[in-house]
Each structure stands twice: as C-alpha cells, then as structure tokens.
Amino acid sequence: MPGGKGSALPELDGQQPVLDVKDLKTYFPTEAGIVRAVNGVSFVVREGETLAIVGESGSGKSVTGLTIMRLLGRSGAEIAGGEIWLTRSDGGRVDLAQLPEAAMERLRGSEIAMIFQDPMSSLNPVFPVGDQIAEPLRLHKGLSRRAARAAAIELLDLVGISDPARRVDTFPHQLSGGMRQRIMIAIALACEPRLLIADEPTTALDVTVQAQIVALLRELQIHRRMAMIFVTHDLHLVGDVADRVAVMYASQVVEEGRVADVLSQPAHPYTRALLSCIPRHQQGHARRRMTPIPGTMPSALTAPSGCRFHPRCASAEDRCVAGIPSLESIAPERTTRCVRWREIWP
Amino acid sequence: MEAATPLLAVRGITRHFAGKGPPVRAVEDVSFDIQRGEVLGVVGESGCGKSTLGRLALRLIEPTAGTVAFDGTELTALAPPSLRRFRRHMQMVFQDPFASLNPRMTVGDALIEAVRFHDRLGKIEARDRAVALLTQVGLSAEHFDRYPRAFSGGQRQRIAIARALAPAPRFLVADEAVSALDVSIQAEVVNLLKSLQEEFGLALMFISHDLSVIEVISDRAMVLYLGRVMEIAPIDDLYSRPAHPYTVALLQAAPGGGKRGGDRLMLKGEIPSPSAPPSGCVFRTRCPFAIADCARDVPPLKAVRPGHLKACIRDDLTI
C-alpha cells in the first residue's frame, strides 16, 4: 500500500483486528529540537496472534509500545499524529490516541496490559505478590477480597509457580528474576486482556529461564486467543515467539511479514544486515566471522534524507537519497521500505 | 602443545565470599590451561562464577584455595611489587565502557596514562604510542583530544581495548565485553578483538553468557554452572557434539536454536543459590537425566574424546 499510510494488512476474514495502528507519530520536544521517536508507524495485530517488533536501541520500538499504552508519562512526549484503534471485547472500537486519560485508565489492565524488562521495578516491594495480582481484579472486575485472592492463587498456578497457596503471600524480593517475571505475567493476564504488550520481557533473564518464559507467554497467548506485541532487540528470539514481525529502524517500520518469510528471505537490507550480525549455529561447521553494519544508527534528531538506512547500506544508490521510500506491499502479508526490493528479494 | 608450559595454568582454583550465613561458593575447584595465542571462551548463566574466575585468573582477587601460574610463574605466590611488574602481561576489558573510562579525561590522556604506567616514556614517545593504539583499534588521531562522552558505546569499547593493549600484554580477559552493545556493534568489537588477538598472538579468556558470540571467537570453550566446570571442549566439538546435559540445554535454549516448543530440552526451575549448592553434581536439581547416584559425589571431569571433558556420570546418554 503506497504512501506508508494505513496497514498493508486489511481485516482478514472480515474480522476487525484487535489493534490497528495507523501512521503513528510520537515526538519528544528537547532543547536540541524535536525528537521524532516514532515516525509514521502502522501495523495491525489480530486476535490470537503475536506480532514481534524488532529493532536496536533507539529504533523507537519501546516508545511504540508505550504510546499504545499511553504511558509516555512525564517524558514530555506527545502523540503528534496517527490513530490507535483498539477493538474492545464488547466489539466496540476506540481510538486510544484520542481517548481521555480517565477512559484510558479503565482500559489499562483490563483490555490491554503490558509487561516490562525489569519486573523488580514494576512490582511494589512492600506488598505481597498476591495483593498485586488481586488489585486489577478488584479494580476492574469488582471482585471481593476473598474471591480476588482465590483468583490470584489460580493465576500463580497458571504461570507455573509451584505451591501457589503459599507463594501468594511472598514479597517480590523473596523471588528470583524468572519468578518475578511470572508474577508480572499473572498481573497482566488477571483481567484477561485482549492485547498484551511485552517489552523485552526476557532480556534481563538467563537463557534457560528466558526459554521458559517465552514458552509460557506463547502458550498463554495461543490458549487465550490473546493478541500480543512482543518488543525485542533479538531477531532470533522472534522465531520462537511470534507469528509476524515488524522490523524498526530509526523510528520507522522498514519491513514486515510472517516470521518464517522475513527470517529466511529478508526483503530489506537492514534486516539482512541484522541477521548476518548474529552468527547462527549451523550443525557441523562454525561460522568464524560476524558481519557488522558499518556506521551507527542516526539519532532521531538528525535523520538522513531519503532512506534512513542508506548511509549504512551496501546496496544504496542515488535514488535511495532522493525521498523516503514508502512501505510497499511486495507479497501477501509482506511489506518493505526499500526502493531496490525487486533486485534484492527474494 | 602438550610439551610446552601453558601460558596460563589454573589448578583447583576456589573462591568463597563470606557473608551472613554460609559462604557464597562462587568458584569451586576449577582447573584449566590457556595456551599462547589461544582463545578460551567461558560461558554460563548469572551466578555461575565466570566473572569471579576471570578476576582470579589475573589475581585481581585472592583465591580461597588453588593456584594460578602465568608462563610458569606462580602468581598466587608473588609479592605485590613483582605482581605489579607481571600485570603488564595480563589485562582486562570490562562489560561497561561507560563506567570504565574517566569522563573527565580525554581519550588521549587516558591512553598516555596507561602507556606511562608500565613504561618510562617521554611525552612525545608516549603520545605517539597512544596514537598508534587508537589506530590499532580502528580510531584515529583526530579522536585523541575528545572526551568519552563524545563516543558511541562501540567506540568506547574500542578505547577500553586500546587501553588494555597499552602495555603490550600477552593475555587478555574480556568479561562480557560486548554484552552491553547492540548486535550491529557487537560484531564490530568481536571482529576487532579477534583480529588483534591473531595479529599479536594474544591469549584471550573471553567470558560471555552469549553462546553465539563464544562460538565465533573461541578455539575452546568451558561451560560453568554454579562455580563448577560442566564441560570443556574444542569449539566445534562443544557445539556439534555437546556431552553434558547442561550444555545441551543451554544450546537449545538459545533463541533460534533450531528447536521449538516440545522438542527442546527445557530445564525446570532456576539456578540454586551458590551459598547452598546441591550435593554431588550441582546441576542435578535441574537435570532431566539425574539419577540417585548424581547426589552422592561431585562428578570428576572425564575425557569423552581427546581434549573434550565433561563432568557427568551418565555415560549412557545420547542427547
């Protein structure tokens, strides 16, 4: 769909997507100028699927998640344009970008929930974990103290915490990093949200624990037919958790598609470069060299003209500097923001 | 290789940290060699003792028991003045290039300081040497008078490497040296370390939690768990024929490890506290193949094939 407006993935099988983000822009005013952290991002997330948003630091992936949750807080950041359509469980649609804060508060934790990289800073250290799981249930569903506690114990069991009836009274500091992240998942899922945004939820965890948490999230997401946005810097992790992936670079989506397609046949030079940075073990022979991407990611203040990746791109030519390439549809469920895609893909 | 003295010979090294209650057993009876010009990868999850081991190898901290010999000289027996002379041969690069550079010192001054600490050089000679170091790590003389804040994370790590190279060391410990960097920058720094290592014949102990980086840079790798060596092997053997259940689980848990969902060897639970490690094999509480005997004795490292050792009594497994 030329112009980069709207998503190249219209409602499939007539069903409204759970989330439909259109041309989203989030700007931070700073002394040095306006930082365009998210600049024209569009995507949809459907019921029962996981969309991964992948990018390096400064790509705008986390700000995208925070913008959807309207958790930009005191950073001074503002939604400078675009729409964020959420389909509620009653079928009604709301544009989160326009919603008053009071209405947003009612949706947070009930229709959409979020988990973060560091569970320790998201959990309240002075309350038992059970109280923290029960809180959204009491707030949004009006459960009694007793009923909420029973539900909290069930949720602890659901997220794989053994001996939940005892653990419900423990404090966050008594738990390991992996268990704290399980608690965060229990809190997020308490009210059965339609959409879960997971922002680097396993980055602080050891690899064997990461595998457990990723498997848990994926299982719960599929089982509950929830929509999930999984924000990560790790392109390989995407293959373990997501159905589709949107790759972000310098505040824009540069490529989107089904995970297997994007990982096996990337249609944007940045995705290709990112994949070749990370050596992937191949049975029988070790790859002995990593291929870095020359240069650094441009700051959101001084984005280069034309394609933002062109200064670092091995395939760049004159027309790449001319104008910002649009996010073009190149196949069903497949877009790329590269004017040379026909020459490099498949 | 067998005949010559290894550059680094670590024997039975152990370090406990005292605290309230039982001591934290950070490193327990670890032995290994590093040959001249060899890269030994050290891999493990948090709390496995890999960083403590790196510091012990340089005698930046004192061992509770065990010895470290550098080129035949017992480091653990050296008095401070001789140890200080030895330090020039052994340097370290840390994880956080933001914390390891003085923000009030220009990069040039930081390098000159490192150069003159070990060699009595005049101002001009020291400056020339510092510029040469900058060039070696892919920066240039124009960066000399800038402060660390003017550099990106990857560039700062290059500067930290230049500083470590100042006394022309023969052995470098890199402790999670690329873990704080974005992947596109990681590759740059890994390639730099590898080419410097090849160019100067440096021996390198490369500590990381990241199996993919370990694979690219190492000749051999050692897998640690709760302060003990689980497996040590030439790099191709370790990745293509891992012998210890923990190594297998670690390889399969790595993102994009090729196996998804049920086919994976998924470990239960998390790493126990190093102040109360399980009896016998420390890994047995999470091992899907543990049997009663695993709780009895600490399994010794045994050769699976030449140069490939594992600490596991289950020889009957094909994982």
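Residues numbered from 1 in each chain as written. Chains lettered and ligands numbered in written order. Predicted model: local features only at pLDDT ≥ 70, side-chain atom pairs only at ≥ 80, totals over all residues.

1. Looking at the interface of chain A and chain B
Next up, step 1: At the interface, 35 residues of chain A touch 32 residues of chain B.
Next up, step 2: The set of elements that each furnish at least two residues to the side of chain A that touches chain B consists of helix H8 (207-223), helix H9 (235-241) and helix H11 (269-277) of chain A.
Next up, step 3: Top element by residues in the side of chain A that touches chain B is H8 of chain A. It accounts for 7 residues.
Next up, step 4: Residue classes in the side of chain A that touches chain B are distributed as 14 nonpolar, 13 polar and 8 charged. (Contact = placed C-beta atoms within 7 Å. Helix = DSSP H or I, 4+ residues; strand = E, 2+ residues; numbered from the N terminus. Nonpolar A, V, L, I, M, F, W, Y, C, P; charged D, E, K, R; others polar.)

2. Details of the domain arrangement of chain A
All names here are of chain A.
Next up, step 1: Domain annotation for chain A reports domain 1 (2-111 + 193-279 + 290-344) and domain 2 (123-192).
Next up, step 2: The distance between the C-alpha centroids of domain 1 and domain 2 comes to 30 Å.
Next up, step 3: The partner domain 2 presents 12 residues to the 14 residues of domain 1 that form the contact.
Next up, step 4: Tallied by class, residues from the side of domain 1 that touches domain 2 come to 10 nonpolar, 3 polar and 1 charged. (Domains from an automatic or database assignment.)

3. Structural notes on the sheet that holds strand E1 (residues 19-30) of chain A
Residues and elements named next belong to chain A.
Next up, step 1: The strand order across the open sheet built from 4 strands is E2-E1-E4-E5, with neighbouring strands paired in antiparallel fashion. Unpaired on one side and paired on the other, strand E2 (33-45) and strand E5 (93-95) mark the two borders of the sheet. For this sheet the average axis-to-axis angle between neighbouring strands, irrespective of direction, equals 15°.
Next up, step 2: Direction of pairing for E1 relative to strand E4 (residues 78-87): antiparallel, over a ladder of 7 bridges. (Pairing = 2+ DSSP bridges. Axes fitted to C-alpha atoms, helices over the stretch in contact; angles between N-to-C directions.)

4. Some remarks on the domain arrangement of chain B
All names here are of chain B.
Next up, step 1: Assigned domains within chain B: domain 1 (8-218) and domain 2 (228-310).
Next up, step 2: Here the C-alpha centroids of domain 1 and domain 2 sit 28 Å apart.
Next up, step 3: Of the residues lining the interface, 15 residues belong to domain 1; the matching set on domain 2 comes to 13 residues.
Next up, step 4: Every element with two or more residues in the side of domain 1 that touches domain 2 is listed here: strand E2 (24-34) and helix H7 (211-217).
Next up, step 5: At 6 residues, the largest contribution of residues to the side of domain 1 that touches domain 2 is made by E2.
Next up, step 6: Its residues assigned to classes, the side of domain 1 that touches domain 2 comprises 7 nonpolar, 4 polar and 4 charged.

5. Things to note about the confidence of the model for chain A
Next up, step 1: On average, residues of chain A score 89 in pLDDT, and 93% of them are at 70 or above.
Next up, step 2: In this model residues 1-11 of chain A is a low-confidence stretch, pLDDT under 50, and it forms 26 contacts with partners more than four residues away in sequence or in other chains. (pLDDT = per-residue confidence, 0-100.)

6. Some thoughts on the nonpolar core
Next up, step 1: With 196 residues, the main nonpolar core has Ala186 of chain A together with Leu111 of chain B as its most contacted residues.
Next up, step 2: At 8 residues, helix H7 (residues 177-189) of chain A tops the list of elements feeding residues into this core.
Next up, step 3: When neighbours within four sequence positions are excluded, Ala186 of chain A is seen to be in contact with Ile133, Leu155, Leu156, Leu158 and Val159 of chain A. (Core = buried A, V, L, I, M, F, W, Y, C linked by C-beta atoms within 7 Å. Buried ≥ 20, exposed ≤ 12 C-beta atoms within 10 Å, placed from the backbone.)

7. A look at the confidence of the model for chain B
Next up, step 1: With 97% of its residues at a pLDDT of 70 or more, chain B shows a mean pLDDT of 91.
Next up, step 2: For this predicted complex, the interface score ipTM comes out at 0.83, while the overall pTM is 0.88.

8. Examining the pairing of strand E7 (residues 171-175) of chain B
All names here are of chain B.
Next up, step 1: Of all 5 residues that make up E7, 5 are buried, and the element is covered over most of its length.
Next up, step 2: The alternating pattern of E7 places Phe171, Val173 and Asp175 on one face and Leu172 and Ala174 on the opposite face, and all of these are buried.
Next up, step 3: With 4 bridges connecting them, strand E6 (residues 90-93) and E7 associate as parallel partners. For Met90, the partnering residue across the bridge sits in E7 and is Phe171.
Next up, step 4: Examined bridge by bridge, E7 and strand E8 (residues 203-208) share 5 bridges and lie parallel to one another. The residue bridging Asp175 from the neighbouring strand is Ile207, located in E8.

9. Points about unusual backbone geometry
Next up, step 1: The omega torsion of the bond from Trp345 of chain A to Pro346 of chain A falls at 5°, within 30 degrees of zero and hence cis.
Next up, step 2: Note on placement: Pro346 of chain A falls in the segment after helix H13 (341-344).
Next up, step 3: Even without a glycine there, the phi angle at Glu333 of chain A is positive, about 60°.
Next up, step 4: Within the secondary structure, Glu333 of chain A is located in the loop between strand E11 (328-331) and strand E12 (334-336).
Next up, step 5: Phi at Asp71 of chain B takes a positive value of approximately 50°, unusual for a residue other than glycine.
Next up, step 6: With respect to the helices and strands, the residue Asp71 of chain B is situated in the loop between strand E4 (65-70) and strand E5 (73-74).
Next up, step 7: For Asp71 of chain B, a count of 16 C-beta atoms within 10 Å translates into the label partly exposed.

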